[in-house]
Amino acid sequence: MAAQTQPTHGYYQTRDNVLATRSAKSLEYEIISRITYRLGQAARIKKTDYPGLVAALHENRRLWTVLAADLMDPDNMLPDDLRARLLYLAEFVSVHTGKVLSNSAKVKPLVDVNLAVLRGLKQPEETS
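Residues numbered from 1 in each chain as written. Predicted model: local features only at pLDDT ≥ 70, side-chain atom pairs only at ≥ 80, totals over all residues. Heavy atoms only, no water.

Colleague: Would you mind going over the packing of helix H4 (residues 80–101) against helix H5 (residues 108–122) with me for this structure?
Modeller: Relative placement of two packed helices is described by the angle separating their axes and the distance separating the axes. Interaxial distance between H4 and H5 falls to 10 Å at its minimum, and their mutual angle equals 155°. With respect to their mutual orientation, H4 and H5 come out roughly antiparallel. Crossing geometry of H4 relative to H5 is assigned as left-handed. Contact with H4, carried on its side by Leu 86, Leu 89, Phe 92, Val 93, His 96, Thr 97 and Val 100, involves Pro 109, Leu 110, Val 113 and Val 117 of H5 and no other residues of that element. Of the residues belonging to the contact of H4 with H5, the class tally is nine nonpolar, two polar and no charged. (Axes fitted to C-alpha atoms, helices over the stretch in contact; angles between N-to-C directions. Helix = DSSP H or I, 4+ residues; strand = E, 2+ residues; numbered from the N terminus. Parallel < 35°, antiparallel > 145°, perpendicular 65-115°, else oblique. Left-handed = near helix turned anticlockwise from the far one by under 90°. Contact = heavy atoms within 4.5 Å. Nonpolar A, V, L, I, M, F, W, Y, C, P; charged D, E, K, R; others polar.)

As structure tokens, then:
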């Protein structure tokens, strides 16, 4: 199984436990959207549910680790410039998450990064 399809099988299944037949881009959007929502919710109630915030941060960091692994795959077909920028964001997410956990940074930049990626995924694909 290619690295590009592994996250799909590991993250998204319907309520009937049947793999949905959706595009990879659509699945990525769904996964990132759900994680971003949970991250935002956890940030709002972190004073009353710190373990929930830690869990949401961990889930977001894990998402970005999977994305980085996929971006480094030689079979990844994204343009090199975009891959490099997304890998930079993956590194930022990892470092910034540590800062949030040590209470020296806010969650909002992590949510903002995910929202920017979601906007990019919403863009129509260019045709050659």
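Colleague: Explanation requested: the pattern of salt bridges in the structure shown.
Modeller: For side chains of opposite charge, pairing can occur when their charged atoms come near one another. Per the counting criterion, the structure on display carries five salt bridges. The closest approach of N and O atoms between Arg 34 and Glu 30, which form a salt bridge, is 2.5 Å. Of this pair, Arg 34 and Glu 30 both sit in helix H2 (residues 24–44), four residues apart, roughly one helical turn. With relative accessibility at 42%, the residue Arg 34 sits in the partly exposed group. For the salt bridge of Arg 38 with Glu 59, the shortest nitrogen-to-oxygen distance reads 2.8 Å. Taken as a pair, Arg 38 in helix H2 and Glu 59 in helix H3 (residues 50–72) lie far apart in primary sequence, 21 residues in all. (Salt bridge = Lys/Arg side-chain N within 4 Å of Asp/Glu carboxyl O. Buried < 20%, exposed > 50% of the residue type's maximum accessible area, 1.4 Å probe, protein only.)

Colleague: Where do I start with the environment of Glu 30 in this structure?
Modeller: Spatially, the C-alpha atom of Glu 30 lies 9.0 Å from that of Leu 118, the residues being 88 residues apart in sequence. Of note is the side chain of Glu 30, whose polar atom sits 2.5 Å from the side chain of Arg 34. (Polar contact = N/O pair within 3.5 Å; in protein donor to acceptor, adjacent residues only side chain to side chain.)

Colleague: Honestly, the packing of H2 against H3 in this entry has me stumped. Any pointers?
Modeller: Two elements in contact, H2 and H3, have axes whose closest approach is 8 Å; the angle formed by their N-to-C orientations is 150°. Relative to H3, H2 is oriented roughly antiparallel. Relative to H3, the crossing made by H2 is left-handed. Across from Ile 31, Ile 32, Ile 35, Arg 38, Leu 39, Ala 42 and Ala 43 in H2, the residues of H3 making contact are Gly 52, Leu 53, Ala 56, Leu 57, Glu 59, Asn 60, Leu 63 and Leu 67. Of the residues assigned to the contact of H2 with H3, the class counts are 11 nonpolar, two polar and two charged.

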